[in-house]
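Each chain, letter by letter, is given below.
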Amino acid sequence: MSKKIIAAVIAVLVCIVVALGIANRSAGKAKADGLNIISGGKETTVSWEDIEKSAFEGDLVNGKGETKHHSYEGEELSAVLAKAGISVAEGSSITVTSEDNYSAELTGSEILEAGKVYVALTADGEVLEGIEGGQGAQLIVFGDPNQKRAVRYMKTVKVE
Amino acid sequence: MKKDRLRNLIFLALCCDLGLFSKRLIAPAANIITDFLRIPGGIGTSFSLMFLIVAAALVPQFGCAALMGAVQSVLAFALGMTGSMGALSPIGYIVPGIVIDCIFFISRKMKLHNAATMVAANMLSAAAAGFTANLIVFGLRGPVLALYLSVALLSGALCGCLGYTLAKRLKPVLCREMQQHSGNAVNAAGTAGIGSMISTEYVRH
């Protein structure tokens, strides 16, 4: 009896996962190829081509506490936001979300600090791909004690 | 210390290690599925928790899963495997352990001695781990959170079935070991004499 119940529960869960998975993927595909920036209920897309590939480098601390030096190409997040016509105040709250829905919080003062928060398009000479290949981006925050906010597959920046 | 108690502790320690390292082992395969579904995880944890559930089923003592979770969190700290939760990672290890203990406690009280207990324990502990990770790190909302928790529940159910099979196979081995060392007369089914140390309730043939 219990085996039948378990099988039924698994079958129901498979159906739910398939339905939600399709809905989630469709929602992701609907968005344009670039970085979506949301502010004041308005959504703007900055295409990957519009993000300047300036070289920058710095040290990042990984989860094990090891410091590694990396070189990137990309642009400061404040400049990317400016391209979308969004001005950030010191008290603003910024949420960066990836294609797989991982998110990290930033403050306006962090974004306004020169040389701290970047949108990287390449890392150590390699193109940073999106979750399904093609051009993608990664959030780089220098000075963090770990890489918790180094959001891969960067997709959306929400400014509040 | 009694030999059989020491053996239980060694078994629990082994399951702790297996749980901790199996997560890393299964991560590449799990990431293919989670990347496809665009969620930040949920499968590796279910597989990892399976070992805690097998241990909790075979060593029927309240608190052993929470203890294993605590040991895992210490090991994770020591080996720098704290992941995205950082200093809060012990919460992510201990909360599922408490859930497992509670489910086995309720199940023993209600005498629900079957595979359903292990499946339910794996499902709910995986969901609890996912929910904790979401609160601490991911901050998912709406349909994405529903998908993330559904995947945790589904993988928990599948790993629970696998865990039940594993426990069923491990039980005779553990029983035979204990028979040899204790020297007590134990019946062929292995249900007498060792009942207090190795649970036979969850692994009926």
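Residues numbered from 1 in each chain as written. Chains lettered and ligands numbered in written order. Predicted model: local features only at pLDDT ≥ 70, side-chain atom pairs only at ≥ 80, totals over all residues.

Describe the packing of helix α3 (residues 64-79) of chain B against helix α4 (residues 89-109) of chain B, listing the residues and the values that go with them.
Residues and elements named next belong to chain B. At their nearest, the axes of α3 and α4 sit 7 Å apart, and the two run at 165 degrees to each other. When the axes of α3 and α4 are compared, the pair comes out roughly antiparallel. The handedness of the crossing between α3 and α4 comes out as right-handed. Taking contact as the criterion, the partners of Ala65, Ala66, Met68, Gly69, Ala70, Gln72, Ser73 and Ala76 in α3 are, on α4, Ser89, Pro90, Tyr93, Ile94, Pro96, Gly97, Ile98, Ile100 and Asp101. Considered class by class, the residues forming the contact of α3 with α4 number 11 nonpolar, 5 polar and 1 charged. (Axes fitted to C-alpha atoms, helices over the stretch in contact; angles between N-to-C directions. Helix = DSSP H or I, 4+ residues; strand = E, 2+ residues; numbered from the N terminus. Parallel < 35°, antiparallel > 145°, perpendicular 65-115°, else oblique. Left-handed = near helix turned anticlockwise from the far one by under 90°. Contact = placed C-beta atoms within 7 Å. Nonpolar A, V, L, I, M, F, W, Y, C, P; charged D, E, K, R; others polar.)

Before we move on, can you summarise the domain arrangement of chain A with the specific residues and values?
For an interface, size is often stated in terms of accessible area lost upon the parts coming together. Here the domain parsing of chain A yields domain 1 (1-30) and domain 2 (34-159). Placing a centre on the C-alpha atoms of domain 1 of chain A and another on those of domain 2 of chain A gives a separation of 33 Å. (Domains from an automatic or database assignment.)

Can you lay out α3 of chain B for me, pointing to particular residues and giving the numbers?
All names here are of chain B. Counted at 1.5 Å a residue, the expected span for α3 with its 16 residues is 22 Å, and the 22 Å between its end C-alpha atoms agrees. Within α3, burial applies to Cys64, Ala65, Ala66, Met68, Gly69, Gln72 and Ser73. Of the residues one or two after α3, Gly80 is the one with positive phi, at around 70 degrees. (Expected span 1.5 Å × (residues − 1). Buried ≥ 20, exposed ≤ 12 C-beta atoms within 10 Å, placed from the backbone.)

Residues and numbers for the sheet that holds strand β2 (residues 42-47) of chain A, please.
Residue and element names in this part refer to chain A. Read across the open sheet, the 5 strands follow the order β2-β1-β10-β5-β6; overall the sheet is mixed. On the outer flanks of this sheet lie β2 and β6 (103-107), each paired with one strand and no other. In this sheet, adjacent strand axes meet at a mean angle of 20 degrees when their direction is disregarded. Note: strand β5 (residues 93-98) against strand β10 (residues 154-159), 5 bridges, orientation antiparallel. Along β10, the bridge assignment pairs Ser98 with Met154. (Pairing = 2+ DSSP bridges.)

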